[in-house]
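Spelled out, the chains give:
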Amino acid sequence: MDRERIERIIENKYSLLLFFLVILLAGSAFTAHNDMMHYTVGSLFAMVVFIIMLKILRASRLLFAAYITLSFLALLLHYLAVFVVHSKSLGTVAIIVYILMIGILIVFMTRRIFSERLVTGDTIKGGISVYIMMGTWWQMVYQLLWMCDPRSFLFPGGTVGQGDFLYYSISTITCLGFGDIVPRSYPAKLFSVVEALVGQLYVAVFVARLVGLHVAVHARKHNDGR
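Novice: Hey, could you go over the overall build of the chain for me, with residue numbers and the actual values?
Specialist: Summing up its helical and strand segments, the chain has eight helices and two strands in all. Considering only contacts within the chain whose residues lie at least 6 apart along the sequence, 72% involve residues at least 24 apart. For the chain, the exposed area adds up to about 13000 Å²; of that, 68% sits on carbon and sulfur atoms.

Following this line, the structure appears as structure tokens:
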């Protein structure tokens, strides 16, 4: 790969991430009824994408090494829990590691995006990518609550599908609230309310940041033109 292509990828890094996130969401939907395919697309491929993005975003060596270690641990525990020993305890630990990993990535990317000095289409796509990852993070939180207490949520028909927690998380963070999946335990209700608040606050702060940067750039251009 020549230098010009590398520079183009770095310049459109958030666009690349958003593209892969959309592919991951679509892939997870189509592989929901196949455990091995769902594991490959939803976990293995996702971790590869996130590691590549950390490299492109020039994360510190310590963060990069820690993320690779956590990724390997989470994927191994997930594989063992689902396909080898069928252990709920291992699955719970794997979910906790996933929550930690995605949380680290969200914090890192949010700091990078809010430190940008120019408003570009790529910056906006980065903000959208973080919003999607926040929905995924909350999905794992709800899944953890359900694994600890199956009575935490009431599902239509009493059965839980692979994509139900993601569906519930996205409908909660966007404040759609269809009401077909209902939180029943206090932790589930509390986390649902917090997600709705965080989702709305993030959008408000992100838009305010973009408007502030846009106004500041135009003000500088106006002052330089005098």
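Having put the structure on the table, let's press on.
Novice: I'd like a description of the pattern of salt bridges, backed by residues and values.
Specialist: Summed over all chains, the structure comprises one salt bridge. Among the salt bridges present, the one from Asp149 reaches Arg151, with a minimum N-O distance of 3.4 Å.

Novice: Before we move on, could you go through helix H6 (residues 121-148) and cite the residues and values that matter?
Specialist: When the terminal C-alpha atoms of H6 are compared, their 41 Å separation across 28 residues agrees well with the 40 Å that a helix rising 1.5 Å per residue should span. The element H6 is extensively covered by neighbouring structure, given that 20 of its 28 residues are classed as buried.

Novice: Explain the packing of aromatic side chains to me, and be specific about the residues and the numbers.
Specialist: Following the criterion strictly, the structure yields 17 aromatic pairs and no others. On the numbers, 5.8 Å between centres and 55° between planes, the contact of Trp146 with Phe165 is tilted. Here Trp146, found in helix H6, pairs with Phe165, found in helix H7 (residues 164-173); they are 19 residues apart in sequence, far enough to count as distant. When its relative accessible area of 26% is taken as the criterion, Trp146 is described as partly exposed. Note on Phe165: relative accessible area 5%, which makes it buried. Ring geometry for Phe155 and Phe165: centres 5.5 Å apart, planes at 85°, overall edge-to-face. With Phe155 in the loop between strand E1 (153-154) and H7 and Phe165 in helix H7, the pair connects residues that are 10 residues apart, well separated along the chain. In terms of burial, Phe155 and Phe165 fall into one category: buried. An aromatic cluster is built from Trp137, Trp138, Tyr142, Trp146, Phe153, Phe155, Phe165, Tyr168 and Phe191, whose rings are joined through pairwise contacts.

Novice: Explain unusual backbone geometry to me, using residue names and the numbers behind them.
Specialist: Here the phi dihedral of His86 falls at roughly 50°; this positive angle occurs in a residue that is not glycine. Tracing the sequence through the fold places His86 in the loop between helix H4 (61-84) and helix H5 (88-114).

Novice: Mind laying out the packing of helix H2 (residues 13-30) against H6, listing which residues take part and the relevant values?
Specialist: If you want to describe how two helices pack, look at the angle between their axes and the distance between the axes. The N-to-C vectors of H2 and H6 enclose an angle of 35°; their axes lie 7 Å apart at closest approach. Handedness of the H2/H6 crossing: left-handed. Side by side, H2 and H6 meet where Lys13, Tyr14, Ser15, Leu17, Leu18, Leu21 and Leu25 of the first sit next to Asp122, Thr123, Lys125, Gly126, Ile128, Ser129, Ile132 and Met133 of the second. Among the residues forming the contact of H2 with H6, the class breakdown is eight nonpolar, four polar and three charged.

What counts, and where the lines are drawn
Residues numbered from 1 in each chain as written. Predicted model: local features only at pLDDT ≥ 70, side-chain atom pairs only at ≥ 80, totals over all residues. Heavy atoms only, no water. Helix = DSSP H or I, 4+ residues; strand = E, 2+ residues; numbered from the N terminus. Contact = heavy atoms within 4.5 Å. Areas by Shrake-Rupley, 256 points an atom, 1.4 Å probe, with all protein chains shown as cover. Salt bridge = Lys/Arg side-chain N within 4 Å of Asp/Glu carboxyl O. Expected span 1.5 Å × (residues − 1). Buried < 20%, exposed > 50% of the residue type's maximum accessible area, 1.4 Å probe, protein only. Phe/Tyr/Trp six-rings, centres within 6.5 Å; stacked < 30°, edge-to-face > 60°. Axes fitted to C-alpha atoms, helices over the stretch in contact; angles between N-to-C directions. Left-handed = near helix turned anticlockwise from the far one by under 90°. Nonpolar A, V, L, I, M, F, W, Y, C, P; charged D, E, K, R; others polar.

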